[in-house]
Amino acid sequence: MSNQTEADGGLVARADAIASFEHQHTMLSRVQHALHSNPALVPLIVLVLSVAVFGALLGTKFFSSFALTLILQQVAIVGIVGAAQSLVILTAGIDLSVGAIMVLSSVIMGQFTFRLGLPPAVAVACGLAIGTFIGFVNGWLVARIKLPPFIVTLGMWQIALASNFLYSGNETIRAQDIEASAPLLQFFGQSISVGGAVFTYGVIFFILLVLVLAYILRHTAWGRHVYAVGDDPEAAELSGVNTKRILISVYALSGLICAFAGWALIGRIGSVSPTSGQFSNIESITAVVIGGISLFGGRGSILGMFFGALIVGVFSLGLRLLGADAQWTYLLIGVLIIGAVAVDQWIRKVSA
Amino acid sequence: MQPILSASNLCKRYGRVTALDNCDFELMPGEILAVIGDNGAGKSSLIKALSGAIKVDSGDIYLDGQPVHFNSPIDARHAGVETVYQTLAMSPALSIADNMFMGREIRKPGFMGKVLRQLDRPAMERIARQKLSDLGLMTIQNINQAVETLSGGQRQGVAVARAAAFGSKVIILDEPTAALGVKESRRVLDLILDVRARGIPIILISHNMPHVFEVADRIHVHRLGQRLCVIDPKDYTMSDAVAFMTGAKAAPGATASAA
């Protein structure tokens, strides 16, 4: 260059070696890299290990197709809600209202059928629509009014739960009545059995939902944008992502999925009860965290949440079959939560 | 010759502070125009106005002689003006290919793309790899590695490659070497010259005088919210330029229009 300056002249004979420390590709750093690119690996390993351990301790009592599919049935509801929670947490948000949306939607499906006399299909559609609408309001408040997701959904949790009790009058619709006049509400309770394995429609829906969401998150522009918004919202905005639209659609979709969970809940417990599913929000966050999805957003995969939910199910069933006090389950889950977050922090430190 | 991007009488006030005071600007086709100025001179306001990040109070911007009104950086991008921000605006956890196509993904043709909205990953990876190797950045082995695993210079390279891949008319680079070491700066400067060699004009904002004097064809000196003068780096020294932008020396009025 004509204006090559003195300082840059010194670069002509530059040494290509850069200052470097002896860089060892230790076993540990390789593991760290593998986990960085496959965030679902940790929960998968924990799941396989725990199944192996309980299988060794309990033998065929645990290792039967019946027991293993029972675990799926037990985690299906939390897993469906966890799928909704995963989407929100990937955007660096949190949805505390998932359980309340689920119960409110199931109550609306039941009461619209029995109190208003609507056809069950219409009542179900109304329940799904109201779940989506509550999610949309959450998203609108987060994206447009820029309120923190924790506060918005904490408030919405109370609002939805209170509306649920006010509207239902704390009244349970009995399973026999539903079975007699509106079997559609119990649709997800039906099952097919292959050998000893029992798959309820709720379980099948849960698995399909996870697969569809995994596809959407990985292979569509919308899915990549969800990650980008959770990773660095300003960067996403400058790169041309409509961050507000992504946030609103994520919360609305979360609401819709929770409403489906409400429908599946009727199938699982048979009746419509306004007091069911009280702990769904915490249980769903547990599944998400154990599944390796970062609470800071932008990292993790929905398959991880799937494994996370199954880990919780394996621990509860395995410990119950071992005759241990149920508190041991909670204690071990607590250890897993803290361990999962510690691993997440460690993986983040990966560098070239 | 008609300027590819020009502005006249731009004004922008923030309360009682005047950031742009009847500022003019001209970028010629195929050139590297450096914009220099002291802190607070209004460089960033000028650049933000040109890239659509702020709306000016008055004044006009012309692209290819046509008046344009950018309401957002996205508008400017659609018009062919790409900006590489100092923060780079990349998602660290996502891959190089994902970042390059963020906000303008390619979908597969036919049923998979139209109905299932599936991304055409092979095509996106191929183009990303192509763009990086065009700019001599193929030291990056894996197009699917996360951006956070790259060095500072490599990240800057990916950001410039992204701009060069899509910036059909103008590329704006905001302090591209500020955070880099000597060797990495060298690579980025070579990259800038490569991009110009492909006929894309560049606006370079920098505080680094040696870098400015090496690559720029003309230098726009910004002072007190206005264009003080435009100088040819071959006619002046770096200390002249610093003297003009700090007001220590009177500006060469005649050369401003001659260049």
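Below or above, wherever it landed, is the structure these notes cover. Counting starts from 1 at the beginning of each chain's written sequence and moves along it residue by residue. The naming scheme follows written order: chains are lettered A onward, ligands numbered 1 onward. Note on the predicted model: pLDDT of at least 70 is required for a residue's local features to be given, and 80 or more for side-chain atom pairs to be given and counted; whole-chain, interface and lining totals, by contrast, use all residues. To obtain the side-chain values, all non-hydrogen atoms of the structure were included, while hydrogens and water were left out.

1. Brief notes about the overall build of chain B
Basically, it comes down to this: Strands are runs of DSSP state E lasting at least two residues, helices are runs of H or I lasting at least four, and both sets are numbered from the N terminus onward. As a reference, a globule follows 2.2 Å times the number of residues to the power 0.38, and the radius of gyration itself is taken over C-alpha atoms. Here's how the labels work: a residue is buried when its accessible area is under 20% of the maximum for its type, exposed when over 50%, partly exposed in between, all with a 1.4 Å probe on protein chains only. Contacts are assigned to residue pairs that have any heavy atoms within 4.5 Å of one another. For the area figures, the Shrake-Rupley method with a 1.4 Å probe applies, and any residue is considered shielded solely by the protein chains shown.
On a plain count of helices and strands, chain B comes out with ten helices and ten strands. Taken over C-alpha atoms, the radius of gyration comes to 19 Å for chain B, in line with the 18 Å a tight globule of 259 residues would show. The principal-axis extent of the C-alpha atoms belonging to chain B is close to 65 × 40 × 35 Å. When each of the 259 residues of chain B is scored for burial, the buried share is 53%. Within chain B, contacts between residues separated by at least 24 positions form 65% of all contacts whose residues are at least 6 apart in sequence. Only carbon and sulfur atoms are counted for the fraction: they give 50% of the accessible area of chain B, which is about 10,800 Å².

2. Focus on the interface of chain B and chain A
Quick reminder of the rule: By definition here, a salt bridge exists when the distance from a side-chain nitrogen of Lys or Arg to a carboxyl oxygen of Asp or Glu is within 4 Å. Within 3.5 Å is the distance limit for a polar contact, defined as a pair of N or O atoms, with the added protein rule that one can donate a hydrogen and the other accept it, and that residues adjacent in sequence qualify only through two side-chain atoms. For this scheme, ten residues count as nonpolar: Ala, Val, Leu, Ile, Met, Phe, Trp, Tyr, Cys and Pro. Four count as charged, namely Asp, Glu, Lys and Arg, and the remainder, Gly too, count as polar.
Facing 34 residues of chain B, the contacting portion of chain A comprises 31 residues. Taken together, the connections running from chain B to chain A amount to two salt bridges. There are ten residue pairs in polar contact (both at pLDDT 80 or more) connecting chain B and chain A. Broken down by secondary-structure element, the contributors of at least two residues to the side of chain B that touches chain A are helix 2 (73–78), helix 7 (182–197) and helix 8 (209–215) of chain B. Top element by residues in the side of chain B that touches chain A is helix 7 of chain B. It accounts for four residues. Considered class by class, the residues forming the side of chain B that touches chain A number 19 nonpolar, four polar and eleven charged.

3. Focus on the sheet that holds strand 10 (residues 226–231) of chain B
Residue and element names in this part refer to chain B. Heads up, the condition is: When DSSP finds two or more bridges between two strands, those strands count as paired. Note on definitions: angles span 0 to 180 degrees between N-to-C directions of axes, and those axes are lines fitted to C-alpha atoms, for helices only across the stretch in contact.
Spatially, six strands are ordered 6-7-8-3-9-10 in an open sheet, and the strand pairing comes out mixed. The open sheet has two edge strands with one neighbour each: strand 6 (81–84) and strand 10. Between one strand and the next, the sheet's axes are offset by a mean angle of 20 degrees, whatever the strand orientation. Where strand 3 (residues 32–37) lies against strand 8 (residues 202–205), four bridges are found, and the strand directions are parallel.

4. Considerations on the packing of aromatic side chains
Residues and elements named next belong to chain A. Which entries qualify depends on this criterion: Geometry of aromatic contacts follows a simple scheme: Phe, Tyr and Trp rings, the Trp one being its six-membered ring, pair when their centres are within 6.5 Å, and the pair is stacked under 30 degrees between planes, edge-to-face over 60, tilted otherwise. The criterion for a charge sitting over a ring is simple: Lys NZ or Arg CZ within 6 Å of the ring centre, and within 35 degrees of the ring normal.
Taken as a whole, this structure holds 15 aromatic pairs over all chains when the rule is applied. Ring centres of F187 and F188 lie 5.2 Å apart, and the angle between their planes is 75 degrees; on these two criteria the pair is classed as edge-to-face. We classify F187 as partly exposed; its relative accessible area is 30%. Residue classification places F188 among the buried positions, given a relative accessible area of 6%. Each ring, one from F188 and one from F205, has its centre 5.2 Å from the other, and the planes form 55 degrees; the classification is tilted. One end of the pair, F188, is in the loop between helix 8 (175–181) and strand 1 (191–194); the other, F205, is in helix 9 (residues 201–219), and 17 residues separate them in sequence. Each member of the pair, F188 as well as F205, is classed as buried. An aromatic cluster is built from F187, F188, Y201, F205, F260 and W263, whose rings are joined through pairwise contacts. Over the face of the ring belonging to Y167 we find R115, whose NZ or CZ atom lies 4.7 Å from the ring centre.

5. What to know about the sheet that holds strand 5 (residues 66–68) of chain B
Residues and elements named next belong to chain B. Taking strand neighbours across the sheet as the criterion, the four strands line up as 2-1-4-5 in an open arrangement whose pairing is antiparallel. Two strands lie at the open edges of the sheet, namely strand 2 (17–27) and strand 5, each paired on one side alone. Strand after strand, the sheet turns through a mean of 30 degrees between neighbouring axes, direction not considered. Looking at chain direction, strand 1 (residues 5–14) and strand 4 (residues 58–63) are connected through five bridges and run antiparallel. Paired with S8 across the two strands is D60, which belongs to strand 4.

6. Details of unusual backbone geometry
Residue and element names in this part refer to chain B. The backbone of A89 shows a phi angle near 50 degrees, a positive value even though the residue is not glycine. Note on placement: A89 falls in the loop between strand 6 and helix 3 (96–100). Owing to a relative accessible area of 3%, A89 belongs among the buried residues under this scheme. The phi angle at R117 is positive, at roughly 55 degrees, despite the residue not being glycine.

7. Structural notes on the layout of surface pockets
As a reminder, the rule being used: A pocket here means an open set of points on a 1 Å grid, computed over the protein atoms alone, that has protein on both sides within 12 Å along at least five of seven lines. A cavity is instead a set of points where a 1.4 Å probe fits but cannot get out; residues with an atom within 4 Å of a point line either one. Grid points are joined across faces, edges and corners, and a volume is the space filled by probe spheres set on the points.
Estimated volume of the largest pocket: approximately 1,000 Å³. When residues of the lining of the largest pocket are traced back to their parent elements, those giving at least two are helix 2 (27–37), helix 3 (41–58), helix 9, helix 10 (221–231), helix 14 (302–321) and helix 15 (326–348) of chain A together with helix 5 (121–134) of chain B. Of the residues forming the lining of the largest pocket, the biggest block, seven residues, is contributed by helix 15 of chain A. Its residues assigned to classes, the lining of the largest pocket comprises 20 nonpolar, 14 polar and nine charged. By volume, the second largest pocket amounts to about 890 Å³.

8. Concerning a nonpolar patch on the surface
Rule in force here: Within this analysis, patches are made of residues with over 30% relative accessible area and no salt bridge. Like charges are joined at 9 Å or less; nonpolar side chains (Val, Leu, Ile, Met, Phe, Trp, Tyr) at 5 Å or less.
A surface patch of nonpolar side chains, amounting to about 410 Å² of accessible area, comprises A:L41, A:L44, A:I45, A:V48 and A:L49. Position of A:L49 among the secondary structure elements: in helix 3.

9. Here's the deal with the environment of A:L317
All names here are of chain A. With respect to the element layout, L317 can be found in helix 14. Owing to a relative accessible area of 4%, L317 belongs among the buried residues under this scheme. C-alpha of L317 to C-alpha of F62: the two residues are 255 residues apart in sequence and 8.4 Å apart in space.

10. With respect to the packing of helix 4 (residues 65–90) of chain A against helix 14 of chain A
All names here are of chain A. This is how it is decided: By the definition adopted for this analysis, an angle is roughly parallel if under 35 degrees, roughly antiparallel if over 145, roughly perpendicular if from 65 to 115, and oblique otherwise. Crossing handedness is read from the near helix: turned anticlockwise from the far helix by less than a right angle, it gives a left-handed crossing, and turned clockwise, a right-handed one.
At their nearest, the axes of helix 4 and helix 14 sit 8 Å apart, and the two run at 140 degrees to each other. As summarised for this structure, helix 4 and helix 14 are arranged oblique, according to the angle between their axes. In terms of crossing hand, the pair formed by helix 4 and helix 14 is right-handed. Together, A67, L70, I71, L72, Q74, V75, G79, G82, A83 and S86 of helix 4 and I302, M305, A309, L310, G313, V314, L317 and R320 of helix 14 make up the contact between the two elements.

11. Considering empty space enclosed by the protein
Taken as a whole and assessed by the stated rule, the structure comprises two cavities of 30 Å³ or more. By volume, the largest cavity is sized at about 100 Å³. Forming the boundary of the largest cavity are 13 residues, of which A:L238, B:R77, B:E82, B:T83 and B:Y85 lie nearest the centre. Mapped onto the lining of the largest cavity, the elements with two or more residues apiece are helix 2 and strand 6 of chain B. Considered as a void within the structure, the second largest cavity measures approximately 60 Å³ in volume. For the second largest cavity, the full set of lining residues is A:L96, A:G99, A:A100, A:V103, A:W157, A:L161, A:S276, A:G277, A:Q278 and A:N281. Considered class by class, the residues forming the lining of the second largest cavity number five nonpolar, five polar and no charged.

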